Amino acid sequence: MALIEIENLSVTFATAGRKVRAVQDVSFKVEAQQSFGLVGESGSGKSTILRAICGMAPITGGQIRIDGKPLPTPRGRAFAAQVQMVFQDPYASLHPRHTVDRVLSEPLAIHGQGGSDAKIEQALIDVGLPPAFRFRYPHQLSGGQRQRVAIARALMLQPQILLLDEPTSALDASVQAETLNLLSRLRAERGLTFVMVSHDLAVIDHMCDRVLVMQNGQAVEELSREALASAAMTTPYARALFAASADRMLEG
Amino acid sequence: MTLLSVKNLRVTFDTETGPVQAVRGVSFDLGRERLGIVGESGSGKTMTGRAVLRLIRAPGRIEADAMTFDGQDLMAASEPDLRALRGRRIAMVMQDPKFSLNPVMKVGAQLMEGLRQRDNAPRAEARAKAIAALEAVQIRDPERVMDSYPHELSGGMGQRVMIAMMLIPDPDLLIADEPTSALDVTVQAEVLNILDDLVKTRGMGLIFISHDLRLVARFCDRVLVMYKGKIVEELAAKDLLQAKHPYTQGLLSCLPRIGGSRGALPALDRNADWAR
């Protein structure tokens, strides 16, 4: 049985006088310890799917199951202990007036887990930051260091599933490489399951076993890593995305 | 013909802990061609672009042995001289349309502002020119865009509006600072094609600043690679894959590739001799 099952998911935002169908009838499955990619341009609904899983978007149809069980609404603590999300922009997702220590201790406090001292130091070491960074504020960190803190925060409760919303698109190429390496290492060490959103096919290809191409809220094509590498996509949109990919540009 | 010549440019900021040099002795010549400047955050690439327009405020200081644009000495130019140059002869496209367009002013008014203020153009003429500029960047319904506020446009549209704005006075040199970093790959390709067409048909010079080496390689004729305020390598874009400098090679190899190996991506070695 797949760990994450998404069946005919629809998300509709109702704004003044009109309805925006951000996600329409999208289905996919992610096996445990697999890494699944969602790719598409802005507005294709890929981030909305992650937000729907976390209960942060109005689901108007379909079902999301984790471990075979439908998710409760509101999601609750058990969900947070199992599924965590890392957001796109580390400049916006960390509270500017909270120290790293406070960011990392909050999930432990909410879940009534003790021993936060040792856990925070270990969490920082795990993401490759010196423990001395514990009492810094976000503005005292670089973009790559902030994203490491955001990853450490997501991992505080030892979740099984990590939802990654463009985790490196705000970072430079060299820092992106370091962050992707960190994510790969953590996934191998802890047996994590990833659902990763990106508009960069090369990043998705590097990180994911399977990828779903999306456009205008609809699933266009699901590709295995091999199909992607051998350019075996069948739909024109997936092909266009492939052709526009930055790493094709040298040959182009 | 040389359009812009920069010799030994230095940009210094005085901080509490002493002077920090953001740009340390950069020299280059630019004709009517596409020059790419690549580097990581903090490499001084944006500061180099801004220094050409003398757009660095105190306490920052710009020093150069020589900086000339079309025969005019930029270092000796007075503030009114510079105002006449900025926008009209040398234009700059900024990184993020969200922060660079005025959020409480309609796009049309922003596009027409320069024409009305600078050229004293009548309203109807300014509007016609603004619409023509939007059409030049392939915006399909310019009338609607003219009457929109920036938040009603997508990122790609906003970026095209900024490019249109810079093209209205028909500048000789366009400095584009990460013009596509905020955009999706498919939109990125479109915006680059538009820029490329405009450079070709109007015979502009272009300085293209980006952290994406492969993008620059495809788009530019020549590439300067910057690290910590210095140019570490200058090469023709087509020779990029044969780059000799370890920093350039590092920047290239740290990018994941479709169908590449899934091993750890090589990290940049910032401790080697060249980094000092």
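As shown above, the structure is provided for reference.
Residues numbered from 1 in each chain as written. Chains lettered and ligands numbered in written order. Predicted model: local features only at pLDDT ≥ 70, side-chain atom pairs only at ≥ 80, totals over all residues.

1. Digging into the pairing of strand E9 (residues 205–210) of chain B
Residue and element names in this part refer to chain B. With six of its six residues buried, E9 lies for the most part within the structure. Alternating positions in E9 separate into two faces, Gly205, Ile207 and Ile209 on one and Leu206, Phe208 and Ser210 on the other, with burial throughout. Pairing of strand E3 (residues 34–38) with E9, which is carried by five bridges, proceeds in the parallel orientation. Bridge pairing in E9 places Leu35 opposite Ile207. Inspection of the sheet shows strand E8 (residues 173–177) paired to E9 by five bridges, in the parallel sense. Each bridged residue has a counterpart across the sheet, and for Ile175 the counterpart in E9 is Ile207. (Buried ≥ 20, exposed ≤ 12 C-beta atoms within 10 Å, placed from the backbone. Helix = DSSP H or I, 4+ residues; strand = E, 2+ residues; numbered from the N terminus. Pairing = 2+ DSSP bridges.)

2. Considerations on the interface of chain B and chain A
Listed per partner, the contact involves 30 residues of chain B and 28 residues of chain A. Here the element with the most residues in the side of chain B that touches chain A is helix H9 (residues 213–219) of chain B; it accounts for five residues. When its residues are assigned to classes, the side of chain B that touches chain A shows 16 nonpolar, seven polar and seven charged. (Contact = placed C-beta atoms within 7 Å. Nonpolar A, V, L, I, M, F, W, Y, C, P; charged D, E, K, R; others polar.)

3. Concerning the packing of helix H10 (residues 236–244) of chain A against helix H8 (residues 185–202) of chain B
Where H10(A) contacts H8(B), the two axes come as close as 8 Å, and the packing angle between them is 60°. What the angle tells us is that H10(A) and H8(B) run oblique. Judged by the twist between their axes, the crossing of H10(A) over H8(B) is left-handed. Side by side, H10(A) and H8(B) meet where Ala240(A), Leu241(A) and Ala244(A) of the first sit next to Val185(B), Thr186(B) and Ala189(B) of the second. Considered class by class, the residues forming the contact of H10(A) with H8(B) number five nonpolar, one polar and no charged. (Axes fitted to C-alpha atoms, helices over the stretch in contact; angles between N-to-C directions. Parallel < 35°, antiparallel > 145°, perpendicular 65-115°, else oblique. Left-handed = near helix turned anticlockwise from the far one by under 90°.)

4. Some points on the sheet that holds strand E3 (residues 35–39) of chain A
Residues and elements named next belong to chain A. One open sheet holds the six strands; their spatial order is E6-E7-E8-E3-E9-E10, and the pairing between them is mixed. Taken across any chain shown, the strands that pair with only one partner, and hence form the sheet edges, are strand E6 (83–86) and strand E10 (218–224). Across the sheet, the mean angle from the axis of one strand to that of its neighbour is 20°, orientation sign disregarded. Pairing between strand E9 (residues 210–215) and E10: six bridges, direction antiparallel. Residue Val211 lies in a different strand from E10, and its bridge partner there is Leu223.

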